[in-house]
Each structure stands twice: as C-alpha cells, then as structure tokens.
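Geometric and topological summary
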Amino acid sequence: MKKLLLFGLMFALLVSLAQAITLTASPTTASTTENQTLTVTLTADGNATFSKNSSFGSFSTTGPATSTTFTFSPGFDSSNVNRAYSFLFTATNASNSTDMATATTTLTFTNQNRAPTVNAGADLTVARNTTLSITGTASDPDGDTLTFDWEVVSAPSLNWDLVFLVNTPIAQFIGEDAGNYTFRLIANDSTTTTTDTMSIQVTDAKRLVLTDLDFDIGSDNDDNMENAADGAGLRDAQPGDKVTIDAEVTNGYADSSDIEIRDISMTVTIENIDDGDDLDDETDDVDVQAGRNKNLKLTFTIPERVDTDNYNVIVDIVGRDEMGITHRIVKRFVMGIDKESHDLRVDSADLRPQVLSCTRKGTLDVVVINFGDEEEDEVKVTARSDALDLDFELFDEGDISMGTGFDDDADLTAQVPVDATGLAAGTYPVTLSVYRDTNKLEDTKTVDVVVQACTQPTPNDDSETPVDDEPEDVDVIVTPGTGTTQPPANTGNAPVYAQVDTGFGGSSMYLVLLGAGAILLLVIVIGIIAMLFRK
C-alpha cells in the first residue's frame, strides 16, 4: 500500500512538471525616438492569460492564447532627456492559475527637439506716418526659451522703421510712403527656427510730392531723377566739381482744401567724402499752398583732395501741414569720383615777405599736391627766373614719393630762396614746375616777385602841433637849418634835441631873476654874520 501511494505521488509530480508554462518576450530591449511606437511579441507554450506590471502600453489580446503583442508609445516630453521603461510580463496557465511564467523587456525613447510655432499676426492697414503695433505670438512644445527677429520681405521704399526686442514677438511699425509692406517673424529655440509672414497696407497718398529732381555734376547732368529707385547711380564727379541739386516739390492737397504744408526744407548729405566727414547743407524753409509747387536748390563743391570711391548722396525733404502731419521724402543715390591717373599740381606759392623792398631777400613757399589717383615716385620741383638769377631744384636724388587722396604724404612743400639784391624796382616772374618720374612734366605755374624801392615816409609840413591848455616840456627832433619840428630825415646826421619852453617858469628871464635873487640872499646872510663878529 505504501508503494502504491508513493507511486501516485511521483506520477502527480511528473504530470505537474509536464504542465509548467513558459513565456518569451521579443525583443528584450528596443529603442526609438520619442513619440514613436515600439512592439514586443509575447509567446507562451500553452494557452495563457497575459498581464504586465505597468499601466503603460497595451496588449493585442490578454488571452487565453498562446501569444500576444504589446505596444507602447510615450509621446513627447518637455524634459529634454532620454526615457527608459522596463516592463515585467506574466503568462498564467489557462488551466492552472498557479502555473505562471515571466519575461522582461526594456524600451528606450530618445529625446527629439520640436520646432516652435509662430504667428506673425493678422494683416493690417494703417495711415502713413502713423505708429502701428504688430502683435505676434509664439510657443515651444518643449518649453524652450525663444528669441525673435523680424525681417522685411518687401516694401515700396526705404522710408519705414520697425522697432522690436529679441525676447518678444511684438514690434512697432511706421511707414512714410503708401504701399504694401510685408514682414517675416522668425522664432528660434537655439536649434530650429519657424517663420510666419504678415502684411501692412499703408494708405493715404503722399501730400508732399517730389515732382522733379535734377543733378548738375560738373559739366554733366542727371535730370528727372524724382522717380529713380533708391540707390540709383549718378554720373561720376571729378575733384573740384560743382554739384547742384534742384528739386521741385508740390503740395498734393486739393486746391479746395486750402491746407498749407509749411517749413519745407531740403537737406542733402554726401557721406564720408571729406576725409571721412560728410558734406551736408540745408535749404531755407518754404511754405507751399495747396496745389502749388516750389523749388529747393543746393550746391556743393567736391573737395579737390578726395579718395576714389563711391559715395552715398541722400536727399531728405520734410515739411509739416496745418494738421500736424509730417510729410517726408527721402531719396538715396550713389555718386562715384573719377580722378585722373596722374594729376600733380602746384597748388600755391606764397612769398615771404609779400613785397621785397629794403630787405631784398625772401622765401617762396611752394605747395605741390597730388590730386591724381596714382601714387607718384621721383617727384621733382623746380623754380627758375633768369632775371632773379634763380635756378632752384628739389629732387633729393629721386627719393621723393607722394601719396594720393588724404594720405599724409600727398602734399609737398618746397622753400625757394629768393634774392633781389642789386635789382631795380619791378616785377620779376618765376616759373614753377613739378615733374613725376624725374622728367615727366605735370604742371607749370608762373608767379611774380614784386621788388620796390626802399623809401621812408614823407613828413607832412602842413600839420599843426596841438597845444595843451597847460603845456608841458616835450622832447622833439629839430632838423638843422629849419625852424620847424619834424621827424628826422634820412640824412645820416645825428638829430639835435632842444628844450622848448612854453611858459614864464621855463623862460631864460626867469632863470636870470632866480639867480640874482639867490646872490642877493647870500650877500645879506654874509652881512649879518659880519655884524655879529664886530660886537
């Protein structure tokens, strides 16, 4: 009986072992980017029901079945980190709830940056010269900090302004010319950018109208430039040219409106042309009645010393009507400078002193300037005059080089000694010449050296010497042989000085009487002393 019982237990154990369920999960590890889906296949060796240790994901079936699929997608996360999830799956034998098997899988989802969303705002309409707020919106699904930029897509002119901050999608706009302006708002999360556009229609046609604009540049001209595009090219100017800008402006208000545009002025600026400084000037203000027009004109002289380059010319016309509305026209042009390749000139020649008289020697200061486009080598300056026996040359063995434009060495000064000793009074020409490359003549200029006789001022015999009410002793110069007082003549004799007495106290009779009185007083004193000794 005991053997039978033992055999039964062993048989039951074998049956139990034969019925133990197994579970496999495939794959055991997997990864993808966030917001994607991963699938795990679970397989049991018998009918089973399936379960998991997490609320995440789902089974295609929970059984009883021999297999099922598990799917999971965690979506996006704003934490900007990779996420890993571990799952414990359990298969329970359908015929024996105590018979269970487990398997594990780890699923990893890597972070993925998402682009921001942006809206530049609705299209708007505004009157010109009116400040308008543009309110855009933007957000980032990852919670990243955004920066913003605005850029122009198209505009009818350059006469507008857009002000904004990089940390907000809001901007302030003002347009001076009618037309359609399109702007793009750009949002950036430091990795990706998103853009959106909006348009602004600026209405109210211009009331201050540029009806004619002419440029006279040297001997050339560019007429009817009022409708030229901003940045249009003008004719080239040469150093020293006169540039005249003549503009006609019209008050575009209807005659019947009787609206005057006042204090209209034109400012013209040629940028950076004068050794880095601007040439600019402004016309006087004018008032223009409705439907009428007036001209505004300015003239500039291009510096003779100027660098070869292109220079911006800005014409800015502004006025204000009776309603306080500002009307403005801005036109921009580009003007080039056309210089000769070689242009050495004798710019000035000044004699010190200006006239040679008693001192018959002086110095002629000669200034040579390179107005050309090329640097010059082996520069030579000469000054010659047969009458003055002058043969001067500044060459320094060909070591003289000159720059161009506003270079420090673009000018050269030569000091020419002049000696007119022994020459009669007159005018003596001196020929000044400047050469490049030793003997290539660039410029010649003739200046006159004026020599005058050495003379002294002539006295005026008809002049009267004023007499004071209380005359004093004065020193005068007396010329021998005359009874009049006058400045000394240039005779080579030493002057004679005399005392002139104009009262009794200074006369000779006064001195005689004074001497006689002193003698009489001395006699009286001696007599008194003698009488005292006799006693």
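Once a new chain begins, its residue numbering starts again from 1 and follows that chain's sequence as written. In keeping with the model being predicted, local features are shown solely for residues with a pLDDT of at least 70 and side-chain atom pairs are shown and tallied solely at 80 or more, while totals for entire chains, interfaces and linings include all residues. The side-chain figures draw on all heavy atoms in the structure; neither hydrogens nor water molecules are used.

**Section: the state of the cysteines**
Filter applied, for reference: Our working definition of a disulfide is a cysteine sulfur pair at a distance within 2.5 Å. A run of DSSP states H or I qualifies as a helix once it reaches four residues; a run of E qualifies as a strand once it reaches two. Both are numbered from the N-terminal end.
One pass over the full model with this rule turns up one disulfide. Linked covalently through their sulfurs, Cys 358 and Cys 454 form a disulfide whose S-S length is 1.8 Å. Taking the torsion about the S-S bond as the criterion, the Cys 358 to Cys 454 disulfide, at about 85°, is right-handed. Within this pair, whereas Cys 358 is found in the loop between β28 (355–356) and β29 (361–370), its partner Cys 454 is found in the loop between β34 (440–451) and β35 (475–478), the two being separated by 96 residues in sequence.

**Here's the deal with the nonpolar core**
Keep this limit in mind: By nonpolar core is meant a set of buried Ala, Val, Leu, Ile, Met, Phe, Trp, Tyr and Cys residues that side-chain atoms within 4.5 Å join together. Between buried and exposed lies partly exposed: a residue is buried under 20% and exposed over 50% of the maximum accessible area for its type, with that area taken using a 1.4 Å probe on protein chains only. Two residues form a contact once any of their heavy atoms are found within 4.5 Å.
By size, the foremost hydrophobic cluster in this structure holds 39 residues, and its most contacted members are Phe 215, Ile 317, Phe 333 and Met 335. Residue contributions to this core peak at six residues, all from strand β21 (residues 261–274). In this structure Ile 317 touches Leu 208, Leu 210, Ala 247, Val 249, Ile 264, Ser 265, Met 266, Leu 296, His 327, Arg 328 and Ile 329, once residues within four positions along its chain are discounted.

**A closer look at the sheet that holds strand β20 (residues 242–251)**
In plain terms, the rule: Being paired, for any two strands, means DSSP has found at least two bridges between them. Every axis in this analysis is a line fitted to C-alpha atoms, fitted for helices over the stretch in contact. Angles between the N-to-C directions lie between 0 and 180 degrees.
Ordered by their spatial adjacency, four strands build an open sheet running β18-β17-β20-β24, and the pairing between neighbours is antiparallel. Edge positions in the open sheet fall to β18 (220–222) and β24 (293–301), since each of these has one partner strand only. Each neighbouring strand pair of the sheet contributes to a mean axis angle of 15°, computed without reference to strand direction.

**Here we look at a nonpolar patch on the surface**
Heads up, the condition is: Patch rule: a residue counts if its relative accessible area is over 30% and it has no salt bridge; like charges are joined within 9 Å, and nonpolar side chains (Val, Leu, Ile, Met, Phe, Trp, Tyr) within 5 Å. To be clear on the numbers: accessible area is Shrake-Rupley with a 1.4 Å probe, and residue cover counts the displayed protein chains and nothing else. One side-chain nitrogen of Lys or Arg within 4 Å of one carboxyl oxygen of Asp or Glu is enough to make a salt bridge.
A cluster of nonpolar residues, Leu 520, Ile 524, Ile 528 and Leu 532, forms a patch on the protein surface that exposes about 410 Å² of accessible area. Position of Ile 524 among the secondary structure elements: in helix α2 (residues 508–534).

**Quick notes on the pattern of salt bridges**
One pass over the full model with this rule turns up 19 salt bridges. Put simply, Arg 235 and Asp 222 hold a salt bridge, and the shortest N to O gap is 3.3 Å. Of this pair, Arg 235 sits in the loop between β19 (232–233) and β20 while Asp 222 sits in strand β18; the two residues are 13 residues apart in sequence, bridging distant segments of the chain. Classification of Arg 235 by relative accessible area gives partly exposed; the value is 40%. Residues participating in the shared-partner salt-bridge network are Arg 436, Asp 437, Lys 440 and Glu 442.

**Re the pairing of strand β26 (residues 326–336)**
Two strands pair when backbone bridges link them, and β19 and β26 are joined in this way by two bridges, in the parallel orientation. Bridge assignment links Ala 232 to a residue of β26, and that residue is Phe 333. Where strand β25 (residues 310–321) lies against β26, 11 bridges are found, and the strand directions are antiparallel. Bridging across to β26, Val 315 finds its partner in Lys 331. Hairpin connection between β25 and β26: a loop of four residues separates the two successive antiparallel strands, and Gly 324 in this loop has a positive phi of roughly 85°.

**Observations concerning the side chain of Asp 189**
Keep this limit in mind: Charged-residue counts in this description rest on Lys and Arg as positive and Asp and Glu as negative, His and the chain ends being excluded. In protein, a polar contact means a hydrogen-donor-capable atom and an acceptor-capable atom, both N or O and within 3.5 Å, with residues adjacent in sequence counting only if both atoms are side-chain atoms; elsewhere, any N or O pair within 3.5 Å suffices.
For Asp 189, the location among the structural elements is in the loop between β15 (179–188) and β16 (193–203). No salt bridge is formed by the buried Asp 189; its nearest oppositely charged neighbour, Arg 114, is found at 8.6 Å. Looking at Asp 189, its side chain comes within polar contact range of the main-chain nitrogen of Thr 192, at 2.6 Å. Beyond its immediate chain neighbours, meaning those up to four positions away, Asp 189 contacts Asn 113, Arg 114, Ala 115, Pro 116, Asp 140, Asp 144, Thr 145 and Leu 146.

**Considerations on the environment of Trp 160**
Among the structural elements, Trp 160 can be located in strand β13 (residues 160–164). Distance from Trp 160 to Gly 175, taken between C-alpha atoms, is 4.3 Å for residues 15 residues apart in sequence. In contact with Trp 160, not counting residues within four places along its chain, are Val 152, Ala 155, Phe 173, Ile 174, Gly 175, Tyr 181 and Phe 183. Within the structure, the side chain of Trp 160 is placed 3.1 Å from the backbone oxygen of Ser 157, a separation counted as a polar contact.

**Comments concerning the side chain of Arg 114**
Inspection of the secondary structure assignment puts Arg 114 in the loop between β7 (100–110) and β8 (117–119). A distance of 3.0 Å separates a polar side-chain atom of Arg 114 from the backbone oxygen of Pro 141. Apart from the residues within four sequence positions on either side, Arg 114 is in contact with Phe 76, Asp 77, Ser 78, Asp 140, Pro 141, Asp 142, Asp 189 and Thr 192.

**As for the packing of aromatic side chains**
Selection criterion: For Phe, Tyr and Trp, rings pair up if their centres lie within 6.5 Å, where Trp contributes its six-membered ring, and each pair is then called stacked (planes under 30 degrees apart), edge-to-face (over 60) or tilted (otherwise).
Throughout the structure, instances matching the rule amount to 15 aromatic pairs. Ring geometry for Phe 56 versus Tyr 85: centroids 5.5 Å apart, planes at 85°, classification edge-to-face. One end of the pair, Phe 56, is in the loop between β3 (38–52) and β4 (58–59); the other, Tyr 85, is in strand β6 (residues 83–93), with 29 residues separating them in the sequence. On the basis of relative accessibility, which here comes to 40%, the residue Phe 56 falls in the partly exposed class. Tyr 85 sits in the buried class, given a relative accessible area of 16%.

**Some remarks on the confidence of the model for the chain**
This is how it is decided: pLDDT runs from 0 to 100 and stands for how confident the predictor is about each residue.
The predicted model of the chain averages 85 in pLDDT, with 85% of residues at 70 or higher. The low-confidence segment residues 11–18 (pLDDT under 50) makes zero contacts with residues lying over four places distant or belonging to another chain. Scored below 50 in pLDDT, residues 465–502 makes 27 contacts in the model with residues more than four places away or belonging to other chains.

**A short note on unusual backbone geometry**
A cis amide bond links Ser 26 with the next residue in sequence, Pro 27, at an omega value of 0°. Mapped onto the elements of the fold, Pro 27 is located in the loop between β1 (23–26) and β2 (29–33). Omega for the peptide link from Arg 352 to Pro 353 comes to -10°, which places this bond in the cis form. When you line up the elements, Pro 353 lands in the loop between β27 (344–352) and β28. A positive phi angle, close to 55°, is found at Asp 258, a residue other than glycine. Relative to the helices and strands, Asp 258 resides in the loop between β20 and β21. For Glu 378, which is not a glycine, the phi torsion comes out positive at approximately 50°. Within the secondary structure, Glu 378 sits in the loop between β29 and β30 (380–385).

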